[in-house]
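Notes for the structure review
Listed here are the chains, written in short residue letters.
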Amino acid sequence: MSIFAALAITLATFTFMEFWAWFMHKYVQHGPLWVLHRSHHVRPSPRPFERNDWFFVIYGALSAVLFITGDNGARWWFWVGVGIAAYGSVYFFVHDGLIHGRLPFWKKTDSVYLRALNMAHKMHHKTQGRDHSQEFGLLWVSPKYLRLAREQAAKKRA
Ligand SMILES: [Zn+2]
Ligand SMILES: [Zn+2]
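Model, not experiment: these values are computed from the prediction.

Below, the discussion takes up the coordination of the zinc ion (ligand 2). Metal coordination angles in their ideal form are 109.5 degrees for the four-donor tetrahedron and 90 or 180 degrees for the six-donor octahedron. Every protein donor of the zinc ion (ligand 2) is accounted for by His40 (NE2), His95 (NE2), His100 (NE2), His121 (NE2) and His125 (NE2), and the metal-donor separations fall at 2.0 to 2.3 Å. We classify histidine 121 as buried; its relative accessible area is 3%.

Here aspartate 96 shows up in helix H4 (residues 76–99). Given a relative accessible area of 1%, aspartate 96 falls into the buried group. Of note is the side chain of aspartate 96, whose polar atom sits 2.9 Å from the side chain of histidine 95. Here the side chain of aspartate 96 touches arginine 102 through a polar contact of 2.6 Å, side chain to side chain. Dropping the residues within four chain positions of it, aspartate 96 is found in contact with Asp53, Phe56, Tyr91, Gly101, Arg102 and Leu103.

The tendency in soluble globular proteins is for nonpolar side chains to be buried as a group. Core analysis: the largest hydrophobic core is formed by 21 residues, its most contacted members being Tyr87, Val94, Leu117, Leu138, Val141 and Tyr145. Elements supplying a minimum of two residues to this core: helix H1 (3–29), H4, helix H5 (112–124) and helix H6 (143–157). The biggest single contributor to this core is H4, with 7 residues. In contact with leucine 117, not counting residues within four places along its chain, are Val94, Ile99, Leu138, Leu139 and Val141.

So, how was this worked out
Residues numbered from 1 in each chain as written. Chains lettered and ligands numbered in written order. Predicted model: local features only at pLDDT ≥ 70, side-chain atom pairs only at ≥ 80, totals over all residues. Heavy atoms only, no water. Donors = N, O, S within 2.8 Å, 3.2 Å for Na, K, Ca; no water. Buried < 20%, exposed > 50% of the residue type's maximum accessible area, 1.4 Å probe, protein only. Helix = DSSP H or I, 4+ residues; strand = E, 2+ residues; numbered from the N terminus. Polar contact = N/O pair within 3.5 Å; in protein donor to acceptor, adjacent residues only side chain to side chain. Contact = heavy atoms within 4.5 Å. Core = buried A, V, L, I, M, F, W, Y, C linked by side-chain atoms within 4.5 Å.

See the structure below:
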């Protein structure tokens, strides 16, 4: 496995995971697995761990299996595991750490992109029920939130 192939698989997996997370969130977590995801829409969360955190355990276990069977990177699926783990870590830091304040050291950011992402996800949490929610993705942000965040930043500077 060349370093370029490894990198390409990792990046492709990472990108695919954003789509996958959006799909799962919209059709599965707000569908048949609402029982696990509901805890995430009850705000503020009553406990440090939510039932929704099981999704991290599931994806963590999946990437662990890919690492263990991946022959230290000689097999292509090892790098799929790297992509899943990388996406999961970014998801945790941005979604749980920044947006939901579970990592208290990361409170404010001036990044237009992160502020837009925060707005879009707060929109998702406007509803506490299973239905009629919007903005199921995380890292891909609709242009309208980017525009809003840019306008806010411009106002702050003025
Ligand atoms: Zn949701
Ligand atoms: Zn959330």
